[in-house]
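# Architecture at a glance
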Amino acid sequence: MPLYEGLGSGGEKTAVVIDLGAAFTKCGFAGETGPRCVIPSEIKKPGVPKPVKVVQYNINTEELYSYLKEFIHMLYFRHLLVNPRDRRVVIVESVLCPSHFRETLTRVLFKYFEVPSVLFAPSHLMSLLTLGINSAMVLDCGYTESLVLPIYEGIPVLNCWGALPLGGKAIHKELEYQLLEQSTVDTGATKGQSLPSVMGSVPEDIIEDIKVRTCFVSDLQRGLKIQAAKFNMDGSAERPAFPPDVDYPLDGEKILHVNGAIRDSVVEILFEQDNEEQSVATLILDSLLQCPIDTRKQLAENLVVIGGTAMLPGFLHRLMAEIRYLVEKPKYKETLAAKAFRVHNPPAKPNCVAWLGGAIFGALQDILGSRSVSKEYYNQTGRIPDWCCLNNPPLEMIFDVGKTPPPLMKRAFSTEK
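Report follows, based on the coordinates. Please read all numbers here as calculations on a predicted model, not as lab measurements.

## Regarding the overall build of the chain
Of regular secondary structure, the chain possesses 16 helices and 17 strands. Looking at the chain alone, contacts between residues at least 24 apart form 68% of all its contacts between residues at least 6 apart. When the accessible area of the chain is evaluated, it comes to approximately 20,100 Å², of which 54% is carbon and sulfur surface.

See the structure below:
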């Protein structure tokens, strides 16, 4: 039961806010300071040994429908413990979310759970609500990708976005490869066995735990030396001293020795420039170059970093050092006038910032009412408008004079029955 239930005008029940991430889902109620639950975005199917990820874009619609139906049922009736028919829903989504996925999710919410209204809110825009600013360059370092999007005067500048497949998934893949290559395992009887001889692959939840507990981001100078030693052809570059090794218990009998060299090197893939000279830091600078010249100074001085990958120790410090280092390179020095870069500190952990913005927006009942898409509108049109179209009626209704458009959503303070 939400904290301030019934205190709002008219006694309308607070909305449910869901941030459906590729790795973890954040779920709770509008107007609260944090999500009620943060759970893996996966379900367990009978007869399938591994959990099935819910956020998948390359499967057929009916399969996706069944996954989402089961997952959202779990959210409502195991974690939130509320009736879905009583409450509006705010879905915090990425701007790269495919139409196929959001349409299937909408069908699940309206047709199966019969929620009164749904609002799809862009995660980059929602994160600005937590800071009370309306212009910023927002970088979302998530599980599958890092996505940067400028927001200017409250409007996402969609033609200046940039993305790279560098996130938690890429770190997990690199970490598993290095663990299988370098690490050893002690069992009850024998010491120093190679990891592949004990287990062929490492489960992802263990990889995630090792990353969170042992890995960190080096500072710029150390990171550059690690990269130089990694790509060193003639053997002249020297690697910095290793951090201490860590013993990680796999279960009651097996202990995994995580080499110090692994702890600081796996995260470097986020900052190593690929063949096209792109990294997480260049994403921000390249996006700035695409923005109109009179907006660049304001955007550069208002950087916001969100997403679970940004929670790694030392990430923010390294990102800012990389940006200040790269901006002096000829590629950016001649074209990018902005030299001052400042980063905001949102009032929540990076992985929950977008959710908190959705919770703030969901608490503004009058605005939520005019922006949401009602069940009646969806039943008549069969579609869900984009964020930018929510204040405008569809084109066919503009030209068809005799047709009365269905309301997007009755306002919270409306006297209509």
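Read on, since the account is not over.
## Details of the sheet that holds strand S13 (residues 193-194)
Spatial strand order, S13-S12-S15-S14: four strands in an open sheet with antiparallel pairing. With partners counted over all chains shown, the strands left at the sheet margins are S13 and strand S14 (246-249), one partner each. One ladder, built from four bridges, connects S14 with strand S15 (residues 255-258); its direction is antiparallel. Residue pairing across strands places Pro-249 opposite Ile-255, the latter belonging to S15. The strands touched by helix H6 (residues 204-214) within the sheet are S14 and S15, with S14 carrying the most contacts at an inclination of about 145 degrees.

## Let's talk about the packing of aromatic side chains
Aromatic ring pairs: the centre-centre distance and the angle between the two ring planes describe each pair. Within this structure, the stated rule accounts for seven aromatic pairs. An angle of 80 degrees between the planes, with centres 4.9 Å apart, marks the rings of Tyr-112 and Phe-113 as edge-to-face. Relative accessible area serves as the criterion here: at 42%, Tyr-112 is assigned to the partly exposed category. Feature note: the residues Tyr-76, Phe-77, Tyr-112 and Phe-113 constitute an aromatic cluster, connected by ring pairs. The positively charged end of Lys-53 is found above the aromatic ring belonging to Tyr-143, 5.2 Å away from the centroid.

## Overview of helix H9 (residues 280-290)
Most of H9 sits inside the fold, with nine of its eleven residues counted as buried. Buried within H9 we find Val-280, Ala-281, Thr-282, Leu-283, Ile-284, Leu-285, Asp-286, Ser-287 and Leu-288.

## What to know about unusual backbone geometry
At Glu-153, a residue that is not glycine, the phi angle is positive and equals roughly 50 degrees. You can see Glu-153 is positioned in the loop between strand S9 (146-152) and strand S10 (155-156). In the Ramachandran plot, Glu-277 falls in the positive-phi region, its phi being about 55 degrees despite a non-glycine side chain. You can see Glu-277 is positioned in the loop between helix H8 (260-265) and H9.

Conventions we followed
- Residues numbered from 1 in each chain as written.
- Predicted model: local features only at pLDDT ≥ 70, side-chain atom pairs only at ≥ 80, totals over all residues.
- Heavy atoms only, no water.
- Helix = DSSP H or I, 4+ residues; strand = E, 2+ residues; numbered from the N terminus.
- Contact = heavy atoms within 4.5 Å.
- Areas by Shrake-Rupley, 256 points an atom, 1.4 Å probe, with all protein chains shown as cover.
- Pairing = 2+ DSSP bridges.
- Axes fitted to C-alpha atoms, helices over the stretch in contact; angles between N-to-C directions.
- Phe/Tyr/Trp six-rings, centres within 6.5 Å; stacked < 30°, edge-to-face > 60°.
- Buried < 20%, exposed > 50% of the residue type's maximum accessible area, 1.4 Å probe, protein only.
- Lys NZ or Arg CZ within 6 Å of the ring centre and 35° of its normal.

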